Amino acid sequence: MFSFDHRDMMVFILVMSLHGLQSMITELLPEFSVGGLGVSIGPFWFVAMSVVLLFRSFWACLAIPVGGIVFGEILIGDFSALGAVEGLLVITASWFFAMSLITDPTDPKQIAGVGLLAKAMEETAAWFIDVGKFYIGVEELEAISWLPETVWATEGMGALIQIAVAGVVFGAIPTLFLYPRLRGKIEPLLGMRSVEGRDGSMVTSSSLKRLVVWVAILPLAFGAEALSETSGGIVTFTPEFVETYGQTFLLVPIVVAAVIAFGLVAYRQRKVEGGV
(Lines give C-alpha, C1' and ligand atoms only; values in the text may rest on other atoms or scores of the structure.)
Protein backbone atom coordinates (compact mmCIF):
# COMPACT_ATOMS: atom_id res chain seq x y z
CA MET A 1 0.00 0.00 0.00
CA PHE A 2 2.79 2.44 0.87
CA SER A 3 5.53 0.85 -1.25
CA PHE A 4 7.26 3.32 -3.53
CA ASP A 5 9.19 2.37 -6.66
CA HIS A 6 9.82 3.94 -10.07
CA ARG A 7 6.26 3.14 -11.19
CA ASP A 8 4.80 4.85 -8.15
CA MET A 9 7.03 7.82 -8.90
CA MET A 10 5.65 8.03 -12.45
CA VAL A 11 2.08 7.80 -11.16
CA PHE A 12 2.81 10.53 -8.62
CA ILE A 13 4.32 12.83 -11.26
CA LEU A 14 1.48 12.18 -13.73
CA VAL A 15 -1.31 12.83 -11.22
CA MET A 16 0.48 15.84 -9.74
CA SER A 17 1.04 17.50 -13.11
CA LEU A 18 -2.42 16.70 -14.50
CA HIS A 19 -4.14 18.03 -11.40
CA GLY A 20 -1.94 21.11 -11.42
CA LEU A 21 -2.68 21.66 -15.11
CA GLN A 22 -6.45 21.53 -14.81
CA SER A 23 -6.39 23.56 -11.58
CA MET A 24 -4.51 26.41 -13.23
CA ILE A 25 -6.70 26.32 -16.34
CA THR A 26 -9.78 26.81 -14.16
CA GLU A 27 -8.05 29.74 -12.44
CA LEU A 28 -8.50 31.60 -15.73
CA LEU A 29 -12.26 31.07 -15.59
CA PRO A 30 -14.48 33.60 -13.78
CA GLU A 31 -16.41 32.84 -10.62
CA PHE A 32 -20.18 33.05 -10.57
CA SER A 33 -22.61 33.52 -7.74
CA VAL A 34 -25.55 31.40 -6.57
CA GLY A 35 -27.82 33.09 -4.07
CA GLY A 36 -25.10 35.59 -3.23
CA LEU A 37 -22.52 32.85 -2.63
CA GLY A 38 -19.42 32.89 -4.83
CA VAL A 39 -18.81 29.59 -6.62
CA SER A 40 -15.66 28.65 -8.52
CA ILE A 41 -15.97 26.27 -11.46
CA GLY A 42 -12.79 24.36 -10.82
CA PRO A 43 -10.81 22.38 -10.40
CA PHE A 44 -12.18 19.96 -12.97
CA TRP A 45 -12.31 17.05 -10.57
CA PHE A 46 -13.04 14.47 -13.26
CA VAL A 47 -9.32 14.48 -14.06
CA ALA A 48 -8.42 13.41 -10.52
CA MET A 49 -11.38 11.06 -10.27
CA SER A 50 -10.52 9.28 -13.51
CA VAL A 51 -6.73 9.05 -13.19
CA VAL A 52 -6.26 8.59 -9.43
CA LEU A 53 -8.87 5.84 -9.24
CA LEU A 54 -7.09 3.96 -12.02
CA PHE A 55 -4.16 3.33 -9.68
CA ARG A 56 -5.73 3.55 -6.21
CA SER A 57 -2.50 4.07 -4.31
CA PHE A 58 -1.62 6.34 -1.42
CA TRP A 59 0.89 8.18 -3.60
CA ALA A 60 -1.73 8.94 -6.24
CA CYS A 61 -3.90 10.46 -3.49
CA LEU A 62 -1.03 12.52 -2.12
CA ALA A 63 -0.20 13.79 -5.62
CA ILE A 64 -3.55 15.65 -5.81
CA PRO A 65 -2.83 18.27 -3.12
CA VAL A 66 0.88 18.37 -4.02
CA GLY A 67 -0.09 19.30 -7.58
CA GLY A 68 -2.19 22.16 -6.27
CA ILE A 69 0.65 23.35 -4.04
CA VAL A 70 3.41 23.14 -6.65
CA PHE A 71 1.56 24.61 -9.61
CA GLY A 72 -1.14 26.64 -7.86
CA GLU A 73 0.93 28.19 -5.09
CA ILE A 74 4.72 27.89 -5.42
CA LEU A 75 4.99 28.61 -9.15
CA ILE A 76 2.74 31.67 -8.90
CA GLY A 77 4.51 32.92 -5.77
CA ASP A 78 1.76 32.52 -3.19
CA PHE A 79 2.86 29.72 -0.86
CA SER A 80 2.37 29.29 2.89
CA ALA A 81 3.63 26.06 4.48
CA LEU A 82 1.02 25.98 7.23
CA GLY A 83 -1.72 26.98 4.83
CA ALA A 84 -0.86 23.97 2.68
CA VAL A 85 -1.17 21.46 5.53
CA GLU A 86 -4.99 21.37 5.51
CA GLY A 87 -5.13 20.31 1.87
CA LEU A 88 -2.32 17.79 2.23
CA LEU A 89 -4.08 16.08 5.12
CA VAL A 90 -7.75 16.38 4.19
CA ILE A 91 -7.58 15.75 0.43
CA THR A 92 -5.17 12.83 0.76
CA ALA A 93 -7.17 11.18 3.56
CA SER A 94 -10.50 11.72 1.77
CA TRP A 95 -9.35 10.04 -1.43
CA PHE A 96 -7.46 7.31 0.42
CA PHE A 97 -10.64 6.34 2.26
CA ALA A 98 -12.98 6.66 -0.72
CA MET A 99 -10.87 4.48 -3.03
CA SER A 100 -10.93 1.66 -0.47
CA LEU A 101 -14.67 1.27 -1.13
CA ILE A 102 -14.20 0.22 -4.77
CA THR A 103 -15.14 -3.40 -5.44
CA ASP A 104 -15.60 -3.29 -9.23
CA PRO A 105 -13.08 -1.02 -10.98
CA THR A 106 -14.75 -1.76 -14.32
CA ASP A 107 -17.98 -0.06 -13.24
CA PRO A 108 -17.86 3.66 -14.14
CA LYS A 109 -20.88 4.40 -11.95
CA GLN A 110 -19.15 3.07 -8.86
CA ILE A 111 -15.97 4.98 -9.73
CA ALA A 112 -17.91 8.23 -10.22
CA GLY A 113 -19.81 7.70 -6.96
CA VAL A 114 -16.62 7.06 -5.02
CA GLY A 115 -14.99 10.13 -6.55
CA LEU A 116 -18.01 12.24 -5.61
CA LEU A 117 -17.80 10.91 -2.04
CA ALA A 118 -14.14 11.94 -1.81
CA LYS A 119 -14.99 15.46 -2.97
CA ALA A 120 -17.92 15.64 -0.54
CA MET A 121 -15.68 14.57 2.35
CA GLU A 122 -13.14 17.24 1.42
CA GLU A 123 -15.78 19.99 1.29
CA THR A 124 -17.37 18.80 4.54
CA ALA A 125 -14.02 18.95 6.31
CA ALA A 126 -13.38 22.44 4.92
CA TRP A 127 -16.85 23.50 6.15
CA PHE A 128 -16.11 22.39 9.71
CA ILE A 129 -12.63 23.93 9.68
CA ASP A 130 -13.85 27.31 8.37
CA VAL A 131 -16.64 27.48 10.95
CA GLY A 132 -14.17 26.50 13.66
CA LYS A 133 -11.88 29.36 12.66
CA PHE A 134 -14.87 31.71 12.85
CA TYR A 135 -15.66 30.63 16.42
CA ILE A 136 -12.09 31.13 17.65
CA GLY A 137 -11.95 34.53 15.98
CA VAL A 138 -9.27 34.03 13.33
CA GLU A 139 -11.55 34.37 10.31
CA GLU A 140 -14.55 36.52 9.46
CA LEU A 141 -17.46 34.77 7.78
CA GLU A 142 -20.94 35.86 6.78
CA ALA A 143 -23.37 35.44 9.67
CA ILE A 144 -26.23 37.35 11.28
CA SER A 145 -24.64 39.47 14.01
CA TRP A 146 -27.16 38.52 16.69
CA LEU A 147 -27.22 34.85 15.66
CA PRO A 148 -23.69 33.65 14.88
CA GLU A 149 -24.94 30.07 14.49
CA THR A 150 -26.18 31.06 11.01
CA VAL A 151 -22.58 30.70 9.85
CA TRP A 152 -23.21 26.94 9.81
CA ALA A 153 -25.97 27.45 7.24
CA THR A 154 -24.13 29.94 5.04
CA GLU A 155 -20.90 27.95 4.96
CA GLY A 156 -22.79 24.68 4.63
CA MET A 157 -24.68 26.01 1.63
CA GLY A 158 -21.41 27.07 0.05
CA ALA A 159 -19.99 23.58 0.59
CA LEU A 160 -23.12 21.98 -0.86
CA ILE A 161 -22.93 24.15 -3.97
CA GLN A 162 -19.25 23.27 -4.43
CA ILE A 163 -20.08 19.58 -4.13
CA ALA A 164 -22.80 19.97 -6.76
CA VAL A 165 -20.69 22.03 -9.17
CA ALA A 166 -17.18 20.59 -8.73
CA GLY A 167 -18.20 17.14 -7.52
CA VAL A 168 -21.12 16.37 -9.82
CA VAL A 169 -21.15 18.65 -12.88
CA PHE A 170 -17.36 18.84 -13.33
CA GLY A 171 -16.59 15.62 -11.50
CA ALA A 172 -18.79 12.54 -11.44
CA ILE A 173 -20.65 13.12 -14.72
CA PRO A 174 -17.56 13.55 -16.95
CA THR A 175 -15.89 10.66 -15.08
CA LEU A 176 -18.64 8.32 -16.29
CA PHE A 177 -17.38 8.86 -19.84
CA LEU A 178 -13.64 9.47 -19.32
CA TYR A 179 -12.73 6.68 -16.89
CA PRO A 180 -13.69 3.69 -19.08
CA ARG A 181 -11.77 5.24 -21.98
CA LEU A 182 -8.60 5.53 -19.88
CA ARG A 183 -8.75 2.18 -18.07
CA GLY A 184 -6.43 -0.35 -19.64
CA LYS A 185 -4.61 2.30 -21.67
CA ILE A 186 -2.78 4.48 -19.13
CA GLU A 187 -1.60 1.72 -16.78
CA PRO A 188 0.43 -0.23 -19.41
CA LEU A 189 2.22 2.98 -20.38
CA LEU A 190 3.57 3.14 -16.83
CA GLY A 191 4.43 -0.54 -16.74
CA MET A 192 1.45 -1.47 -14.57
CA ARG A 193 -1.57 -3.73 -14.81
CA SER A 194 -5.13 -2.54 -14.32
CA VAL A 195 -6.31 -2.91 -10.74
CA GLU A 196 -8.56 -5.93 -10.28
CA GLY A 197 -11.85 -5.97 -8.41
CA ARG A 198 -12.61 -7.80 -5.20
CA ASP A 199 -15.54 -9.71 -3.75
CA GLY A 200 -17.46 -8.76 -0.65
CA SER A 201 -18.83 -5.57 0.86
CA MET A 202 -17.62 -2.12 -0.11
CA VAL A 203 -16.95 -1.39 3.58
CA THR A 204 -14.11 -3.44 5.02
CA SER A 205 -11.95 -3.29 8.14
CA SER A 206 -9.33 -1.46 6.07
CA SER A 207 -11.80 1.20 4.92
CA LEU A 208 -13.04 1.69 8.49
CA LYS A 209 -9.46 2.26 9.67
CA ARG A 210 -8.99 4.84 6.93
CA LEU A 211 -12.22 6.56 7.98
CA VAL A 212 -10.94 6.75 11.56
CA VAL A 213 -7.73 8.31 10.25
CA TRP A 214 -9.79 10.87 8.29
CA VAL A 215 -11.67 11.86 11.43
CA ALA A 216 -8.46 11.98 13.47
CA ILE A 217 -6.66 14.32 11.08
CA LEU A 218 -9.44 16.95 11.13
CA PRO A 219 -8.24 18.53 14.41
CA LEU A 220 -4.68 18.56 13.05
CA ALA A 221 -5.82 20.23 9.83
CA PHE A 222 -7.87 22.74 11.82
CA GLY A 223 -4.94 23.54 14.10
CA ALA A 224 -2.56 24.08 11.20
CA GLU A 225 -5.05 26.25 9.32
CA ALA A 226 -5.88 28.35 12.38
CA LEU A 227 -2.18 28.79 13.13
CA SER A 228 -1.51 29.86 9.54
CA GLU A 229 -4.06 32.68 9.97
CA THR A 230 -2.24 34.05 13.02
CA SER A 231 1.43 33.19 12.48
CA GLY A 232 1.85 34.19 8.85
CA GLY A 233 2.56 30.65 7.72
CA ILE A 234 6.05 30.24 9.30
CA VAL A 235 7.61 29.25 5.95
CA THR A 236 6.31 31.37 3.06
CA PHE A 237 7.16 32.16 -0.54
CA THR A 238 5.16 35.18 -1.64
CA PRO A 239 6.68 37.17 -4.52
CA GLU A 240 3.10 37.23 -5.90
CA PHE A 241 3.97 36.91 -9.57
CA VAL A 242 0.34 37.15 -10.73
CA GLU A 243 -0.16 40.49 -8.96
CA THR A 244 3.10 41.74 -10.49
CA TYR A 245 2.80 40.45 -14.06
CA GLY A 246 -0.96 39.96 -14.40
CA GLN A 247 -3.17 36.99 -15.18
CA THR A 248 -1.01 36.02 -18.15
CA PHE A 249 1.58 34.71 -15.68
CA LEU A 250 -0.80 31.80 -15.03
CA LEU A 251 0.36 30.46 -18.38
CA VAL A 252 3.71 29.62 -16.76
CA PRO A 253 2.44 26.85 -14.44
CA ILE A 254 0.02 25.70 -17.16
CA VAL A 255 2.85 25.23 -19.66
CA VAL A 256 5.15 23.60 -17.08
CA ALA A 257 2.44 21.16 -15.94
CA ALA A 258 1.49 20.31 -19.54
CA VAL A 259 5.11 19.67 -20.51
CA ILE A 260 5.64 17.37 -17.52
CA ALA A 261 2.37 15.42 -17.94
CA PHE A 262 2.41 14.94 -21.70
CA GLY A 263 6.18 14.60 -21.78
CA LEU A 264 5.96 11.69 -19.33
CA VAL A 265 3.23 10.00 -21.38
CA ALA A 266 5.17 10.47 -24.64
CA TYR A 267 8.37 9.17 -23.05
CA ARG A 268 6.65 6.06 -21.71
CA GLN A 269 4.88 5.46 -25.01
CA ARG A 270 8.21 5.40 -26.82
CA LYS A 271 9.58 3.00 -24.21
CA VAL A 272 6.59 0.68 -24.57
CA GLU A 273 6.73 0.74 -28.36
CA GLY A 274 10.47 -0.01 -28.11
CA GLY A 275 9.75 -3.00 -25.87
CA VAL A 276 11.33 -1.46 -22.73
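Reading guide: rules and limits
Residues numbered from 1 in each chain as written. Predicted model: local features only at pLDDT ≥ 70, side-chain atom pairs only at ≥ 80, totals over all residues. Heavy atoms only, no water. Helix = DSSP H or I, 4+ residues; strand = E, 2+ residues; numbered from the N terminus. Rg over C-alpha atoms; globule rule 2.2 N^0.38 Å. Axes fitted to C-alpha atoms, helices over the stretch in contact; angles between N-to-C directions. Parallel < 35°, antiparallel > 145°, perpendicular 65-115°, else oblique. Left-handed = near helix turned anticlockwise from the far one by under 90°. Contact = heavy atoms within 4.5 Å. Nonpolar A, V, L, I, M, F, W, Y, C, P; charged D, E, K, R; others polar. Buried < 20%, exposed > 50% of the residue type's maximum accessible area, 1.4 Å probe, protein only. Lys, Arg positive; Asp, Glu negative; His and termini not counted. Salt bridge = Lys/Arg side-chain N within 4 Å of Asp/Glu carboxyl O. Expected span 1.5 Å × (residues − 1). Phe/Tyr/Trp six-rings, centres within 6.5 Å; stacked < 30°, edge-to-face > 60°. Core = buried A, V, L, I, M, F, W, Y, C linked by side-chain atoms within 4.5 Å.

**Re the overall build of the protein chain**
Within the protein chain, the secondary structure is distributed over 10 helices and four strands. Along the protein chain, from the amino end to the carboxyl end, the secondary structure elements read α-β-β-α-α-β-α-α-α-α-α-β-α-α. Against the globule reference of 19 Å for 276 residues, the protein chain gives a C-alpha radius of gyration of 19 Å, in line with a compact fold. Expressed as lengths along the three principal axes of its C-alpha atoms, the size of the protein chain is roughly 65 × 50 × 35 Å.

**Digging into the packing of helix α2 (residues 45-55) against helix α5 (residues 108-135)**
The packing of two helices is summarised by the inter-axis angle and the distance between the axes. At a minimum axis distance of 10 Å, the contact between α2 and α5 shows a crossing angle of 120 degrees. On the basis of their axis angle, the class for α2 and α5 is oblique. By crossing handedness, the relation of α2 to α5 is classed as right-handed. Packed against α2, whose contacting residues are W45, M49 and L53, the element α5 presents I111, V114, G115, L116, K119 and E122 at the interface. Along the lines of polarity and charge, the residues of the contact of α2 with α5 split into six nonpolar, one polar and two charged.

**Focus: unusual backbone geometry**
Here R56, not a glycine, exhibits a phi torsion of approximately 50 degrees, which is positive. Along the chain, the position of R56 falls in the loop between α2 and α3 (58-74). A positive phi angle, near 50 degrees, is found at E240, a position not held by glycine. Of note, E240 is situated in the loop between β4 (236-237) and α9 (241-245). The exposure class assigned to E240 is partly exposed, which follows from its relative accessible area of 36%.

**A look at the side chain of D8**
Its location among the elements puts D8 in helix α1 (residues 6-27). No salt bridge is formed by the buried D8; the nearest opposite charge belongs to R7, separated by 6.2 Å. Here D8 is in contact with S3 and W59, once residues within four sequence places are set aside.

**Some details on helix α10 (residues 251-273)**
Here α10 is 23 residues long and its end C-alpha atoms lie 32 Å apart, about the 33 Å a rise of 1.5 Å per residue gives. Those residues of α10 not exposed but buried are P253, I254, A257, A261, L264 and R268.

**Focus on the environment of A159**
Following the sequence through the fold, A159 ends up in helix α6 (residues 150-182). For the pair formed by A159 and A125, sequence separation is 34 residues and the distance between their alpha carbons is 9.5 Å.

**Observations concerning the packing of aromatic side chains**
Using the criterion set out here, one finds 14 aromatic pairs in the structure. Aromatic pair F128 and W152: ring centres 5.9 Å apart, planes at 65 degrees, arrangement edge-to-face. In this pair, F128 is assigned in helix α5 and W152 in helix α6, connecting sequence segments 24 residues apart. Judged by its relative accessible area of 39%, F128 is partly exposed. One aromatic cluster is present, built from ring pairs that chain together F4, F58, W59 and F96.

**Description of the nonpolar core**
Counting 59 residues, the largest nonpolar core has V15, V52, I64 and W95 as its most contacted members. When residues of this core are traced back to their parent elements, those giving at least two are α1, α2, α3, α4 (81-98), α5, α6, α8 (205-231) and α10. Contacts of V15, omitting those with residues within four sequence positions, involve V51, V52, A60, A63 and I64.

**So, the environment of E139**
As for its placement among the helices and strands, E139 is situated in the loop between α5 and α6. We classify E139 as partly exposed; its relative accessible area is 21%. When the C-alpha positions of E139 and F222 are compared, they lie 12 Å apart, and in sequence the two are 83 residues distant. Non-local contacts of E139, meaning those with residues more than four positions away in its chain, are made with D130, K133, F134 and E229.

**A word on the packing of α2 against α6**
At a closest axis distance of 7 Å, the pairing of α2 and α6 adopts a crossing angle of 40 degrees. Judged on the interaxial angle alone, α6 and α2 are oblique. Read as a crossing pair, α2 and α6 show a hand that is right-handed. Contact residues: α2 offers W45, F46, M49, S50, V51, L53 and L54, while α6 offers A166, G167, F170, G171, A172, P174, T175, L178, Y179 and L182. Of the residues assigned to the contact of α2 with α6, the class counts are 13 nonpolar, four polar and no charged.

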